[in-house]
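The primary structure of each chain is shown beneath.
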Amino acid sequence: MTKPQEQAKIVCVVGTRPEAVKMAPVILALQREPWAQVRVLATGQHRQMLDQVLQAFGITADIDLDMMQPNQDLTSLTARMLTAMDRVLKVEQPSAVLAQGDTTTVMVAALASFYLHIPFGHVEAGLRTGDLRRPFPEEMNRVMAGRLAQWHFAPTESARQNLAREGITDEVYVTGNTVIDALQQVAAHTPASEAHEGRRLVLVTMHRRESFGGPLEEACNAIRTLVDAYPDVEVLYPVHRNPNVLGPVEKLLGGHPRIRLVEPLDYVPFVAAMKSAYLVLTDSGGVQEEAPALAKPVLVMREETERPEAVAAGVVQLVGTDAQKIVGAARRLLDDPAAYRAMAKGVSPYGDGKAAGRIVDVLRRYAGH
Ligand code: UD1
Ligand code: UDP
């Protein structure tokens, strides 16, 4: 415990695009606290896609491990990162380490902190599908981070219950999801991007490891079928830089006049694209949380989701990765205004935009202020 009036050094770890989005509100809120000395540690698990988001929020990394290698595999990424993280934390000797979510970066940050007896705070704790293969390896990363954390910042009540089922009941705080804080900060001054020739925009993203190969091909086939069936539909697909995604997507969807394959968008233009979308097709975690808050129906192209709240609220539909099922669900929303309206409600089960403040409150008490 830090003595009153002393600054507590808090290392905030970010590695990939979604972590930067969801940690940005926490980092910015901590930077406003006089008792906190914030150090931003970028692992660089992602390079361009991490930098894009940090820039959007005006955040500069104090330390950058620059880990990314082309088509990196999980074991070598983990091993390299654990060694580098250990070295940095030994030098920094922070009062606490924070990281968000379920990536390799988060699991490594939790483990390295544990080995050095540094308290670890897990932002977005407690999400589970219950299936260690899906999402892979994220489900296990989250379980491990949960086991290693001192503070669990659960975004929803059902995430808190998941932790309780694993016997984790101490220092669990239901805060809301910081993604809504980030979205609100940007969406308030970001207009929708212009619709093209009055067409309906379908926004697509897909990147999960368990979708590589067959499921990704099914999704691409579904997208092509839909665009061909609806002359008033246009697809915008910012393609993830992972070569296991980029290659097949360019092969299966490239060259179509109404399918725009673009590089990953900066966060502000991506929010603008979500705002202007008629419909969102995705396997992303963050997009599943953001689009409903912007009243956009989401079809999740996965077999399971660790984010059941929006499905229960009727604003997200889990459609799987079978092309016919994806097409069927999208057709319903494109053809039936009542079905569309029922999903475009603007319900946000993931937070009120004040999650970062609640996380900071917990850390402030810990720091003795
Ligand atoms: C990672 C996370 C996943 C998260 C996703 C968010 C793990 C194991 N996976 O998946 O949970 O949902 O980020 O997008 O932690 N690449 C670039 N530039 C970039 C980013 C990636 O070229 O800015 C390419 C590189 O070839 C890299 C590859 O994508 O090796 C894979 O990156 P990696 O972080 O291992 O996996 P993701 O699929 O991005
Ligand atoms: N996003 C972005 N540009 C894009 C696509 C997504 O800024 O071209 C943002 C999106 O708004 C969300 C986050 O990236 O906040 C989601 O990241 P991703 O889908 O890569 O990871 P996941 O959330 O599935 O872990």
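Residues numbered from 1 in each chain as written. Chains lettered and ligands numbered in written order. Predicted model: local features only at pLDDT ≥ 70, side-chain atom pairs only at ≥ 80, totals over all residues. Heavy atoms only, no water.

Caption draft 1: How the structure looks around the site of ligand 2. Contacts to ligand 2 come from 16 residues, most closely from Leu265, Ser284, Gly285, Gly286 and Glu290. One nitrogen or oxygen atom from the side chain of Arg208 is found 3.1 Å from an oxygen atom belonging to ligand 2. Contact distances for ligand 2 include 2.6 Å between an oxygen atom and a side-chain N or O atom of Glu290. In isolation ligand 2 offers 540 Å² of accessible surface; the protein chains occlude 96% of this area. Broken down by secondary-structure element, the contributors of at least two residues to the shell around ligand 2 are α1 (17–31), α10 (267–276) and α11 (285–293). Take the shell around ligand 2: its biggest share by element is 4 residues, from α11. (Near = heavy atom within 4 Å. Polar contact = N/O pair within 3.5 Å; in protein donor to acceptor, adjacent residues only side chain to side chain. Areas by Shrake-Rupley, 256 points an atom, 1.4 Å probe, with all protein chains shown as cover. Helix = DSSP H or I, 4+ residues; strand = E, 2+ residues; numbered from the N terminus.)

Caption draft 2: Highlighting the packing of aromatic side chains. Evaluated as defined, the whole model comprises 5 aromatic pairs. Centroid distance Trp151 to Tyr366: 4.8 Å. Interplanar angle 75 degrees. Geometry classified as edge-to-face. Here Trp151 is found in strand β6 (residues 151–154), whereas its partner Tyr366 is found in helix α15 (residues 355–366), with 215 residues between them in sequence. By the burial criterion, Trp151 is buried, and Tyr366 matches it. For the cation-ring pair, Arg200 lies above Tyr278, with the distance from its terminal atom to the ring centre recorded as 4.9 Å. (Phe/Tyr/Trp six-rings, centres within 6.5 Å; stacked < 30°, edge-to-face > 60°. Buried < 20%, exposed > 50% of the residue type's maximum accessible area, 1.4 Å probe, protein only. Lys NZ or Arg CZ within 6 Å of the ring centre and 35° of its normal.)

Caption draft 3: Spotlight on the sheet that holds strand β9 (residues 233–238). Read across the open sheet, the 6 strands follow the order β10-β9-β8-β11-β12-β13; overall the sheet is parallel. Of all strands in the sheet, those bounded by a partner on one side alone are β10 (259–262) and β13 (316–318). Neighbour-to-neighbour, the strand axes of this sheet turn through a mean angle of 20 degrees, independent of strand direction. As paired strands, strand β11 (residues 279–282) and strand β12 (residues 298–300) are joined by 3 bridges and run parallel to one another. Bridged to Thr282 within β12 is Val300. (Pairing = 2+ DSSP bridges. Axes fitted to C-alpha atoms, helices over the stretch in contact; angles between N-to-C directions.)

Caption draft 4: Expanded view of the pattern of salt bridges. Under the defined criterion, the tally for this structure stands at 28 salt bridges. Among the salt bridges present, the one from Glu234 reaches Arg260, with a minimum N-O distance of 3.2 Å. With Glu234 in strand β9 and Arg260 in strand β10, the pair connects residues that are 26 residues apart, well separated along the chain. A single network of salt bridges, built from pairs that share partners, joins Lys22, Asp102, Glu124, Arg142, Glu289, Arg302, Glu306 and Arg307. (Salt bridge = Lys/Arg side-chain N within 4 Å of Asp/Glu carboxyl O.)

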